[in-house]
Amino acid sequence: MNTRILNPANNEDIEYAGEMLRSGQLICIPTETVYGLAANALNPEAVAEIYNVKGRPSDNPLIVHISDFEQIYPLVKEVPDKARQLAEKFWPGPLTIILKKSDLIPDKTSGGLDTVAVRFPSHPVARAVITAARTPLAAPSANLSGKPSPTDLEHCVADLNGKIPGIIDGGKCDVGVESTVITLVTEPPRILRPGGITPEMIEEVIGRIEVDPAVTEGLDKDAKVSSPGMKYKHYAPKTELIIADMSLKDYVNLMKNEPDTAALCFEGEEKLFDNASVTFGKEYDGASQAKRLFSALSELDELGLRKAYARRVGKNGVSLAVYNRIIRSSGFRKVFSDVKIIGLTGKSGSGKSYVSGFFRQNGCAVIDCDRITKDSKVYDSGCILELKDAFGPEIINSDGSLNRRKVAEIALSTEEGKKNLQDITFPRIIRRLHELRDKYIDDGYKIIVYDAPTLFESGIDKECCRIAVVTADYELRLKRIMERDGITREQANIRINSQQSDKQFIQKADYVIINNDDSDIDGEIKAIIMELSKNA
Ligand code: TXA
Ligand code: MG
């Protein structure tokens, strides 16, 4: 398909866009936040094409855009007072309001939900196109699913050229991050996605609201895809991004120590080191950071370096929106200047918990990932639903709770089942891990140990500055497993041999801790801690 670049100053181009949209085609339009990939919101086939082109999971609902307040009435069951107050104050503008939907909204548009997200954009071109189309427009951000949202024409062309009939050139977007999404269906109202309209601004108009915990941590409520990487990593650049949670002074040192990495820093800071760099606004100025963030992520990719360190951003005002996007771009990875994270792993019977005990005794915080997998907080309602979809209704007890024994029994019987289980649970386990990590950092711990049998499979090894692998003589491992689990020698043999050999682990290790009966584990741990403290 030939994609026309449309000029919004030409009336015919706007009319053409309107006609295309009316006839069920897609047009990429500028808005004040990011570019949107628009279709007639009331036409399910047209909307289906949006999912198609973006490669978006079909249960992720779309925002319906209007160009006049009155257009909201047929789309929703009712317009409550709070919606009216918010609209009066912030519309047209970067705020999306979720309400109970009317029958006019097709399931395709609402992702099967009984609610609909409505937004009245302030961008004159967006409004002109909606008016020309004579129908509300469903429009997600115009990126391919999982990539950063486009904030200028080139990004739209890169993702959509040849796939749709037209892209309207609206220059650079003003806000730079997507609209604030608030649901008025819950009481108190809840911000599901932060944006240019801040929680503080909203509270001033309608009183108390909540900010969904997923804004600063963990899963996007909407993301339901099969791979945890996708679920966890939104707005992901190709360059591996890590947030450097430290002072500017420490950041400068970090960059100097790692000359082959790129810096994603604030304006003016790039002069302080020789690394390749991209800036995203000014420190303490959320609006300027938001405006630059997505372009900066593309520019980072153009540098072609494997890894980049980003400056930390605050969580106040518009910065909350920037924090929310950048933390996802990084897959929640952070490094700290004065906090070291050690990954500790080892096979069954190696005595990993025995070793982690010595880390604890020597003043380190230890996060026991096995224990997190048993933590009921991990199994939220979304998790239980996904597990039920994957493994069948028999994993739910008659009282509605989860039968974890049953899950393990079904899931662990095949390789595919194991992978499915990990895809569903890892992101949630990692969210809890990060909560614990942040708590220990607040408590002043300088060394944190991730004690994790699946350190590598879950990808959290990448957060660690050192990897320690515990191993022991084969005979000894056999004996330990037999004693611990009360099984025969033969069964213990099968168990050990069903796991991969130590070799791959050991290749990736900075320290190999041999945990035989005569080993001086305490001495070894003390030496590791000493070495790490020297490198502080
Ligand atoms: O600024 C914006 O909002 C841009 C421009 C193009 O208007 N659009 C945008 O759309 O960001 P999209 O589809 O990329 O993000 C919409 C977000 C998703 O996180 C979606 O899950 C959520 O809004 N959403 C939409 N309808 C919802 C509903 N009924 N309930 C809960 N969340 C909803
Ligand atoms: Mg999007």
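Here the structure is shown first, and the text comes after it.
These numbers come from a predicted model, not from an experiment. (Residues numbered from 1 in each chain as written. Chains lettered and ligands numbered in written order. Predicted model: local features only at pLDDT ≥ 70, side-chain atom pairs only at ≥ 80, totals over all residues. Heavy atoms only, no water.)

**Q** Can you tell me about the overall build of the chain, naming the residues and giving the values?
**A** The number of helices and strands found in the chain is 20 helices and 21 strands. Against the compact-globule benchmark of 24 Å for 536 residues, the chain has a radius of gyration of 26 Å, which places it among compact chains. Across its three principal axes, the chain shows a C-alpha extent of roughly 85 × 60 × 50 Å. Across the 536 residues that make up the chain, the buried fraction comes to 55%. (Helix = DSSP H or I, 4+ residues; strand = E, 2+ residues; numbered from the N terminus. Rg over C-alpha atoms; globule rule 2.2 N^0.38 Å. Buried < 20%, exposed > 50% of the residue type's maximum accessible area, 1.4 Å probe, protein only.)

**Q** Describe the environment of Val-469, and please don't skip the residues or the numbers.
**A** Following the sequence through the fold, Val-469 ends up in strand β20 (residues 466-471). Residue classification places Val-469 among the buried positions, given a relative accessible area of 0%. Taking the C-alpha atoms as reference points, Val-469 and Tyr-511, 42 residues apart in sequence, are found 6.3 Å from one another. Each residue touching Val-469, except ones within four places of it in the same chain, is listed here: Thr-345, Phe-505, Ile-506, Ala-509, Tyr-511, Val-512 and Ile-513. (Contact = heavy atoms within 4.5 Å.)

**Q** Which residues make up the pairing of strand β5 (residues 95-100), and what values do they have?
**A** Counted residue by residue, β5 has five buried out of six residues, so it is predominantly covered. Bridge count between β5 and strand β9 (residues 180-183): four bridges; the pairing is parallel. Within β9, the residue paired with Ile-98 across the bridge is Thr-183. Sheet analysis places β5 next to strand β6 (residues 115-119), joined by five bridges and oriented antiparallel. Counterpart to Leu-99 in the pairing with β6 is Val-116. (Pairing = 2+ DSSP bridges.)

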